[in-house]
Amino acid sequence: MTLPSPILAYIDADRRCDGAALIAAFAPNTVVRDEGGSHAGHDAIDAWWRAAKAKYRHVIEPLEMSETDGIAKVLARVSGQFPGSPATLVFAFRIENGRIAGLEIAP
C-alpha cells in the first residue's frame, strides 16, 4: 500500500515517538478530532499526541487506504495499553499543499 507522504510521515513519526516530525506533517491551523475532543493548531495537537502516547503507548499499523472526496481514510490496527487492544480505527486525513489539514480518528 502506498500512503501519501504526509500520512506516511505522521505514521512513521508516531512509530519513532518523534513529536517534532509528527507536528511537521500538519498544517499550522489543522484540527484533530479524537475521542470526542478537538485539538486545533500545532501546540494543541502536540499536547494531545504526547498525552495519548504516554497514556496508551500505542502503535499504528495501516491495513488499507481508500480515498473519497479529498479524504484519505486509513484503516489501521492500533495496539497499546488500553482495553480492547488491538482496535481497528479509521484515520480520516484531509491533505492540502503536502500537509495534513485535518484528521479525524474514529472506530
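About the criteria used
- All residue numbers refer to position in the chain's written sequence, counted from 1.
- Note on the predicted model: pLDDT of at least 70 is required for a residue's local features to be given, and 80 or more for side-chain atom pairs to be given and counted; whole-chain, interface and lining totals, by contrast, use all residues.
- The basis for the side-chain values is all heavy atoms of the structure; hydrogens and waters are excluded.
- Each Phe, Tyr or Trp ring (for Trp, its six-membered ring) is paired with any other whose centre lies within 6.5 Å, and the angle between the two planes then decides the class: stacked below 30 degrees, edge-to-face above 60, tilted in between.
- Helix and strand labels come from DSSP, where a helix needs a run of H or I of at least four residues and a strand needs a run of E of at least two; each type is numbered from the N terminus.
- With a 1.4 Å probe rolled over the protein chains alone, any residue whose accessible area is under 20% of its type maximum counts as buried; one over 50% counts as exposed, and the rest are partly exposed.

A.B. asks: What exactly am I supposed to notice about the packing of aromatic side chains here?
C.D. replies: Centre-to-centre distance and the angle between the planes together describe a pair of aromatic rings. Throughout the structure, instances matching the rule amount to four aromatic pairs. When the centroid spacing of 5.8 Å and the interplanar angle of 85° are considered together, the rings of Tyr10 and Phe26 count as edge-to-face. Highlighted residues: Tyr10 in helix α1 (residues 5-16) and Phe26 in strand β1 (residues 26-34), separated in sequence by 16 residues. Considered together, Tyr10 and Phe26 belong to a single accessibility category, that of buried residues. For the ring pair Tyr10 and Phe93, a centre distance of 5.6 Å and an interplane angle of 70° mean the geometry is edge-to-face. You can see Tyr10 sitting in helix α1 and its partner Phe93 sitting in strand β5 (residues 87-96), a full 83 residues away along the chain. For Tyr10, a relative accessible area of 2% gives the class buried. The class for Phe93 is buried, based on a relative accessible area of 0%. Members of the aromatic cluster, connected to one another through ring pairs, are Tyr10, Phe26, Phe91 and Phe93.

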